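# Fold and contact review
Each chain, letter by letter, is given below.
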Amino acid sequence: MTDATLDQARQSIAVGSKSFAMASRFLPSGMHDDCVMLYAWCRHADDVIDGQEAGFATGAAHDPAARLAELRDLTHRALAGQPSAPVYAGLARVVAARDIPHRHVDELLNGFAMDVEGRVYRDMTDLLDYCYHVAGVVGVMMARIMGVRDDGVLDRASDLGLAFQLTNIARDVIDDARIGRTYLPRDLLRSEGLERIDPDDPGQRPALHRVALCLLDQAEIYYRSADTGIAALPRRPALAIAAAHNIYRQIGVKLRAQGPDAWAGRLSTTRGEKLRLAARAVGSTILRRRPRAIDRSGLYIRP
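Quick look at the structure, then.

Rules and cut-offs
- Residues numbered from 1 in each chain as written.
- Predicted model: local features only at pLDDT ≥ 70, side-chain atom pairs only at ≥ 80, totals over all residues.
- Heavy atoms only, no water.
- Helix = DSSP H or I, 4+ residues; strand = E, 2+ residues; numbered from the N terminus.
- Buried < 20%, exposed > 50% of the residue type's maximum accessible area, 1.4 Å probe, protein only.
- Contact = heavy atoms within 4.5 Å.
- Areas by Shrake-Rupley, 256 points an atom, 1.4 Å probe, with all protein chains shown as cover.
- Lys, Arg positive; Asp, Glu negative; His and termini not counted.
- Charge placed at Lys NZ, Arg CZ, Asp CG, Glu CD.
- Salt bridge = Lys/Arg side-chain N within 4 Å of Asp/Glu carboxyl O.
- Axes fitted to C-alpha atoms, helices over the stretch in contact; angles between N-to-C directions.
- Parallel < 35°, antiparallel > 145°, perpendicular 65-115°, else oblique.
- Left-handed = near helix turned anticlockwise from the far one by under 90°.
- Nonpolar A, V, L, I, M, F, W, Y, C, P; charged D, E, K, R; others polar.
- Expected span 1.5 Å × (residues − 1).
- Polar contact = N/O pair within 3.5 Å; in protein donor to acceptor, adjacent residues only side chain to side chain.

## Quick word on the overall build of the chain
- Secondary structure summary: the chain contains 13 helices and two strands in total.
- Over its C-alpha atoms, taken along the principal directions, the chain stretches across nearly 60 × 50 × 35 Å.
- With 303 residues in all, the chain has 54% of them scored as buried.
- The long-range fraction of contacts in the chain, counting pairs at least 24 apart against all pairs at least 6 apart in sequence, stands at 72%.
- Per element, the accessible surface of the chain, about 13700 Å² overall, is 52% carbon and sulfur.
- Looking at charge distribution, the chain has the averaged site of its 40 positive side-chain charges lying 7 Å from that of its 38 negative ones.

As structure tokens, this is what we get:
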């Protein structure tokens, strides 16, 4: 029997989230389907707020507050049993089947509200709070799909989301500035003598790259913390998450290596690189090398 909800989610991920699509192939089928449906709703929600389709601009970002209000309404209706479209039906199905608290869905929506409201990030503490709400909580929900209920392991799942988002922010400094968004903490910008980012001023790029490296340094701490959580997962979910870890982290590796010139185009990993990084995850997961546990004291504490 055709499952239109799942089919649409698969299509959305194949077009707009190639890294996730590759890494998620390692998951058992039922777990894979639920992760795909959750991720498809997250991708849809992000696109709604940014006026994009599959991560690409459409020019439809007018009145983001109204778009957020509609997104909240349609999401809450779906969770109450009244989905308006397949992407919302998929979310509702996963939340019910995997016992995901509704508050986690609202935490993600609250993260989108920070974008709509134009929140100013004064320091790294502010930025980590944003990263949790738009990515860390996604890691928590994904972990719950994988059967995780232990708070300590859920903390590590959140850490991986934080690492992903810090990497994304470092990569997207110039693109974000072009749409009027600045995620780099103001105290770090001021330490480089900058009050605002001018995406068309190449003279700022070396200073911005130094700030981006501060974010990547923070990301490394959270990637290492997440390794402990990955080791606690069953083998196939551990393989999938280790592959995602390697693929997303590579973006930061490239940004470090290429310097300010990395922002001359869209920084990404090739299909060949993704396959190589996924293969590395296979080796480490099969051998089950248990990483040295990282003390979480001093790291972000999720709500």
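Structure shown, so let's carry the discussion forward.
## A look at the pattern of salt bridges
- Counted under the stated rule, the structure contains 24 salt bridges.
- A salt bridge links Arg-171 to Asp-172, with the nearest nitrogen and oxygen atoms 2.8 Å apart. Of the two residues, Arg-171 and Asp-172, neither departs from the other in class, the shared state being buried.
- A salt bridge links Arg-266 to Asp-172, with the nearest nitrogen and oxygen atoms 3.1 Å apart. In this pair, Arg-266 is assigned in the loop between helix 12 (235-258) and helix 13 (271-287) and Asp-172 in the loop between helix 8 (151-171) and helix 9 (173-178), connecting sequence segments 94 residues apart.
- Here Asp-172 falls in the buried class, since its relative accessible area comes to 13%.
- Through salt bridges with shared partners, a single ionic network connects Arg-119, Arg-122, Asp-126 and Asp-129.

## Section: the packing of helix 8 against helix 12
- The contact between helix 8 and helix 12 brings their axes to 9 Å, and the two run at 30°. For the element pair helix 8 / helix 12, the angle class is roughly parallel. As for the relative orientation of helix 8 and helix 12, their crossing is left-handed in sense. Contacts from Leu-160, Phe-164, Thr-167, Ala-170 and Arg-171 in helix 8 reach Ile-241, Ala-244, His-245, Tyr-248, Ile-251, Gly-252 and Leu-255 in helix 12.
- Class assignment for the residues of the contact of helix 8 with helix 12 results in eight nonpolar, three polar and one charged.

## Digging into helix 8
- An ideal rise of 1.5 Å per residue puts 30 Å on 21 residues; helix 8 measures up with 30 Å between its terminal C-alpha atoms.
- For helix 8, the buried fraction is high: 18 of the 21 residues fall into the buried class.
- Two or three places before Gly-152, at the start of helix 8, stands the capping residue Asp-150, its side-chain oxygen 3.0 Å from that residue's backbone nitrogen.

Just geometry here; none of it tells us what the structure is for.
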